[in-house]
Number of protein chains: 2
Amino acid sequence: MKKGCAFGTHRVIEPKGKLPQPATKIDNNMDIYDNEILINVQTLNIDSASFTQIKEQAGGDVEKIKEIMKGIVAERGKHQNPVTGSGGMLIGTIEKIGPAMEGKTDLKVGDKIATLVSLSLTPLRIDEILEVRKDIDQVDIKGKAILFESGIYAVLPNDIPENLALSVLDVAGAPAQTAKLVKPGDTVVIIGGTGKSGMLCLYEAKKRAGVTGKVICLGHSEDAMKRVRSANLADIYIQADATNAVEVMEKISEATNGEMADITINNVNVSNTEMGSILATKDDGLVYFFSMATSFTKAALGAEGVGKDVTMIVGNGYTKGHAEISLQILRESETLRKLYEELYA
Amino acid sequence: MKKGCAFGTHRVIEPKGKLPQPATKIDNNMDIYDNEILINVQTLNIDSASFTQIKEQAGGDVEKIKEIMKGIVAERGKHQNPVTGSGGMLIGTIEKIGPAMEGKTDLKVGDKIATLVSLSLTPLRIDEILEVRKDIDQVDIKGKAILFESGIYAVLPNDIPENLALSVLDVAGAPAQTAKLVKPGDTVVIIGGTGKSGMLCLYEAKKRAGVTGKVICLGHSEDAMKRVRSANLADIYIQADATNAVEVMEKISEATNGEMADITINNVNVSNTEMGSILATKDDGLVYFFSMATSFTKAALGAEGVGKDVTMIVGNGYTKGHAEISLQILRESETLRKLYEELYA
């Protein structure tokens, strides 16, 4: 049996020596290498930007959508949309585990998992497309996929419906990082606290900061704020425009008697919220940027410009135990579970 | 006397409520507010991108350069190049200190300082341009400037020539952050270790990691590597292309017996070095991106894609004591002082 690289470089056909994600073509032959895991695929969850593009290109026609999707996989060996560059995730059942993975993984043949690593780097073969669910970006297929040794995944739990679990796993990194960062007594500001990942962060922040801490939800929409307030997810609720740095600073100053936040977590997928996050935070505090709209240079030069000695962290979608931490929230909080069923499942 | 905001929002004319940096026009009247410091300006160090643009626009003509510079300040109240958006720094002497700053600053009237906050947010008045030194982006003027309460600066030392001090202060954040992060016994990789900030980082890393640590210099140019090697700045020297993530990973793996780095510091101003930095680092390790060419999304999605649980930090040009830490290097290391005199002063 052939020995594979943990990151899957052994599958890269073009250009040689690159990683599977930036590669334009990877090998989707389903004979596994010694450290690979073979998955019998049930459903593809296509990334929303990618699926929107495919639907448009197909003029909404289901047969054309199928054709485009099969074309992408035939061309690249993976479902990476050539226009958007993005992938998605998949659900399937473990079919075979390479011998080199023994003792390195808890997975067993027959386990049902969701891969949390992007389809943009996952070797995939589509034998047949069974159903296209256009409104929720899901496509049922007959086919196989490969999980690399470094590939992250979550075993789907028995006590949480599949769609509900998926909606939480999609943003699992944010609440898990929150859980690891927040200490008892901390003042925590969650910017974009009313959104999908923001609410999970609020829940974890409140749990970890405890009765001596203070958790502040900063949001924009009045309706969403009402929802979060009725779910009692924070200690203080502030309605503000996160792109207005001075407004954010003044409102957080008022809410903290001028002390500002120990930790600010930015979840809002909107540009120009770096300065508000920095100014909401005290010197020696920490800013965690989970928003993909974050500009590296705006954050770096912004902090220097106002002489703020804050540690700024680039959101990493993966941290050990992130799937378990986020699924556990749905078990602990009846309120959040209902909210997520209503809004996202 | 009028009370000012620490960040200088009281000086913003257009658009109201913004911070001085994104503002298009700020008030450069030199009657100070209670928390401001008035500087008698001697020299402007124009940001290199900005000065190149101005020289081109002027066709290299000194009188036209003067005209363009005066025009910018007349229009905006600060020397923020409208094309590049960038500023620079200045050298001058303290002329007046607002009463609200008493006990908040160590500065005295007559101190000679370099401002380390950008000219793109500093209120400036130019009375006369005395000399344009085209080859080193420096312009001597008669004029005044304002330092806000949050503005960072360094008192110029008596024992280090001005130009040499400036060349180090320009990149002071990187070695100071290195000094704070590296602990005895750490394995540290400095990507771009042969450059202006990279060499200072190497020096600090070796000092802090000590005899039980291991400092690895990764560079591209053979000549620069020879220079760093002869100055004995690292324990291990690796020539590699930082944009080739797999090559970087394999070479660092070989140099560390597969253990990889505790801390990787990226100083190389080249795109697509995020993955190499991430793969050079062990799980639970730390990647410090000091390079302004860093892409936030490439770092965030890259780490997730390979399932690496590393903490990634956005380089903050400011940290407490950064000027003192970096100037001290020139006092401690005769070798580095000579190298910097040769290359940058």
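Residues numbered from 1 in each chain as written. Chains lettered and ligands numbered in written order. Predicted model: local features only at pLDDT ≥ 70, side-chain atom pairs only at ≥ 80, totals over all residues. Heavy atoms only, no water.

Engineer: Explanation requested: unusual backbone geometry in the structure shown.
Structural biologist: What you tend to see is this: most non-glycine residues have negative phi, and most peptide bonds are trans. Residues and elements named next belong to chain A. With an omega of -10°, the peptide bond running from glutamate 14 to proline 15 counts as cis. Looking at where proline 15 falls in the secondary structure, it is placed in the loop between strand E1 (12-14) and strand E2 (25-26). The residue aspartate 137 is not glycine, and still its phi comes out positive at about 60°. By relative accessible area, aspartate 137 is classed as buried at 16%. (Helix = DSSP H or I, 4+ residues; strand = E, 2+ residues; numbered from the N terminus. Buried < 20%, exposed > 50% of the residue type's maximum accessible area, 1.4 Å probe, protein only.)

Engineer: Would you mind going over helix H5 (residues 196-209) of chain B with me for this structure?
Structural biologist: Given 3.6 residues to a turn, an α-helix orients residues that are three or four positions apart in the same direction. All names here are of chain B. For H5, with 14 residues, the first-to-last C-alpha span of 21 Å sits near the 20 Å given by 1.5 Å per residue. Of all 14 residues that make up H5, 10 are buried, and the element is covered over most of its length. One or two positions beyond H5, positive phi appears at glycine 210, with a value near 70°. (Expected span 1.5 Å × (residues − 1).)

Engineer: Just checking my understanding: could you explain the state of the cysteines for this structure?
Structural biologist: In a disulfide, the sulfur atoms of two cysteines are covalently bonded to one another. A complete count under the given rule lists zero disulfides over all chains for this structure. Take Cys201(B): it sits in no disulfide, and the sulfur closest to it among the cysteines is that of Cys217(B), at 11 Å. (Disulfide = S-S within 2.5 Å.)

Engineer: Just checking my understanding: could you explain the packing of helix H5 (residues 196-209) of chain A against helix H11 (residues 334-344) of chain A for this structure?
Structural biologist: The description of two helices packed together rests on the angle between their axes and the distance between the axes. Residues and elements named next belong to chain A. Packing of H5 against H11 brings their axes to within 12 Å, and their N-to-C directions diverge by 175°. Considering their axes alone, H5 and H11 lie roughly antiparallel with respect to each other. Touching Lys196, Ser197, Met199, Leu200 and Tyr203 of H5 are Leu336, Leu339, Tyr340, Leu343 and Tyr344, all from H11. Considered class by class, the residues forming the contact of H5 with H11 number eight nonpolar, one polar and one charged. (Axes fitted to C-alpha atoms, helices over the stretch in contact; angles between N-to-C directions. Parallel < 35°, antiparallel > 145°, perpendicular 65-115°, else oblique. Contact = heavy atoms within 4.5 Å. Nonpolar A, V, L, I, M, F, W, Y, C, P; charged D, E, K, R; others polar.)

Engineer: Explain the pattern of salt bridges here, please?
Structural biologist: It is possible for side chains bearing opposite charge to pair when their charged atoms get close. All names here are of chain B. Taken as a whole and assessed by the stated rule, the structure comprises 44 salt bridges over all chains. A salt bridge links glutamate 204 to arginine 208, with the nearest nitrogen and oxygen atoms 2.9 Å apart. One end of the pair, glutamate 204, and the other, arginine 208, are both in helix H5, four residues apart, so they sit about a helical turn from each other. Exposure remark for glutamate 204: the relative accessible area of 1% places this residue in the buried category. (Salt bridge = Lys/Arg side-chain N within 4 Å of Asp/Glu carboxyl O.)

Engineer: Is there a simple way to explain the relation of the copies chain B and chain A in this structure?
Structural biologist: Here the two chain copies are tied together by a rotation about an axis and a shift along that axis. When chain B is fitted onto chain A, the two copies agree to an RMSD of 0.0 Å after a turn of 180° and an axial shift of 0.0 Å. Taken together, the rotation angle and the small translation identify this as a two-fold axis. The C-alpha atom lying nearest the rotation axis in chain B is that of Ile313(B); the distance is 2.3 Å. Comparing interface residues between copies, 100% of those in chain B also sit at the interface in chain A, which points to an isologous, same-surface contact. (Least-squares fit on C-alpha atoms with pLDDT ≥ 70 in both.)

Engineer: Just to check I follow, could you spell out the side chain of Ser120(B) for this structure?
Structural biologist: Position of Ser120(B) among the secondary structure elements: in the loop between strand E5 (112-115) and strand E6 (124-133). At 2.7 Å, the side chain of Ser120(B) forms a polar contact with the side chain of Ser118(B). (Polar contact = N/O pair within 3.5 Å; in protein donor to acceptor, adjacent residues only side chain to side chain.)

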